[in-house]
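Geometric and topological summary
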Amino acid sequence: MLIPEARQYLGRNVAVTYRDRHGDTHTKSLRVCDVSFVPMYGSCLVGDIDDIWLDRVTSISAMD
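Each chain has its residues counted from 1, running along the sequence as written. It should be noted that, the model being predicted, local features are given only for residues of pLDDT at least 70 and side-chain atom pairs only at 80 or more, the latter also being counted only at that level, while totals for whole chains, interfaces and linings use all residues. Hydrogen atoms and water are omitted, and side-chain values are computed over all heavy atoms in the structure.

Regarding the nonpolar core
Residue types Ala, Val, Leu, Ile, Met, Phe, Trp, Tyr and Cys, when buried and joined through side-chain atoms within 4.5 Å, form a set referred to as a nonpolar core. Throughout, exposure labels follow a simple rule: accessible area from a 1.4 Å probe, protein chains only, divided by the maximum for the residue type, with under 20% read as buried, over 50% as exposed, and the rest as partly exposed. By size, the foremost hydrophobic cluster in this structure holds 14 residues, and its most contacted members are V14, V16, L45 and L54. Once residues within four sequence positions are removed from consideration, L45 is found in contact with A6, V16, V32, D34, V35, D50, D51, I52, L54 and I60. In what follows, residue pairs with any heavy atoms lying within 4.5 Å of each other are defined as contacts.

Here you go:
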């Protein structure tokens, strides 16, 4: 997922499915607070519960 795609979810409640560093798939529900770029690490989806790296996101869907 790219930053412009992720920005459409700012301020919304979403369900994010992503892969962790071991390749296992997880799904979390969170409210998207920001989308940012961290030098040397990449793009990040900042949520109220957790931060998720955009290169690990497999799907995202709005819940509202």
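Focus on the side chain of D20
By the criteria applied, helices consist of DSSP H or I runs no shorter than four residues and strands consist of E runs no shorter than two, each listed in order from the N terminus. As for its position among the elements, D20 is in the loop between β1 (13-19) and β2 (25-38). For the purpose of charge, His is not counted, nor are the chain termini; Lys and Arg are scored as positive and Asp and Glu as negative. In the sections that follow, a salt bridge refers to a side-chain nitrogen of Lys or Arg positioned within 4 Å of a carboxyl oxygen of Asp or Glu. In this structure, D20 is buried with no salt-bridge partner, the nearest side chain bearing the opposite charge being R56 at 6.3 Å. A polar contact of 3.0 Å, which involves the side chain of D20, links it to the backbone nitrogen of H22. Every residue in contact with D20, bar those within four places of it in the chain, is listed here: H26 and R56. Polar contact is the term for a pair of N or O atoms within 3.5 Å; when the atoms are in protein, one must be able to donate a hydrogen and the other to accept it, and sequence-neighboring residues count only if both atoms are side-chain atoms.

Remarks on a nonpolar patch on the surface
For patch detection, residues must exceed 30% relative accessible area and be free of salt bridges, and they are connected within 9 Å for like charges or within 5 Å for nonpolar side chains (Val, Leu, Ile, Met, Phe, Trp, Tyr). A 1.4 Å probe and the Shrake-Rupley method give the accessible areas. Residues count as covered only by the protein chains that appear here. The grouping of M40, Y41 and W53 at the surface amounts to a nonpolar patch, some 440 Å² of accessible area in total. Within the secondary structure layout, M40 lies in the loop between β2 and β3 (42-47).

Brief notes about the sheet that holds β2
Pairing between strands is defined by DSSP: at least two bridges between the two strands are required. Taking strand neighbours across the sheet as the criterion, the five strands line up as β4-β3-β2-β1-β5 in an open arrangement whose pairing is antiparallel. Since the sheet does not close on itself, it has two edges, and those belong to β4 (51-53) and β5 (57-62), each with one partner. Pairs of neighbouring strands in the sheet enclose a mean axial angle of 45°, with direction left out of account. Of the pairings in the sheet, the one linking β1 to β2 comprises seven bridges and is antiparallel in character. To obtain each axis, a line is fitted to C-alpha atoms, and for helices this fit is confined to the stretch in contact; angles are then taken between N-to-C directions over 0 to 180 degrees.

A short note on the pattern of salt bridges
Evaluated as defined, the whole model comprises one salt bridge. Measuring nitrogen to oxygen at the nearest pair gives 2.5 Å for the salt bridge that ties D50 to K28. Placement of the pair is D50 in the loop between β3 and β4 and K28 in strand β2, with a sequence separation of 22 residues.

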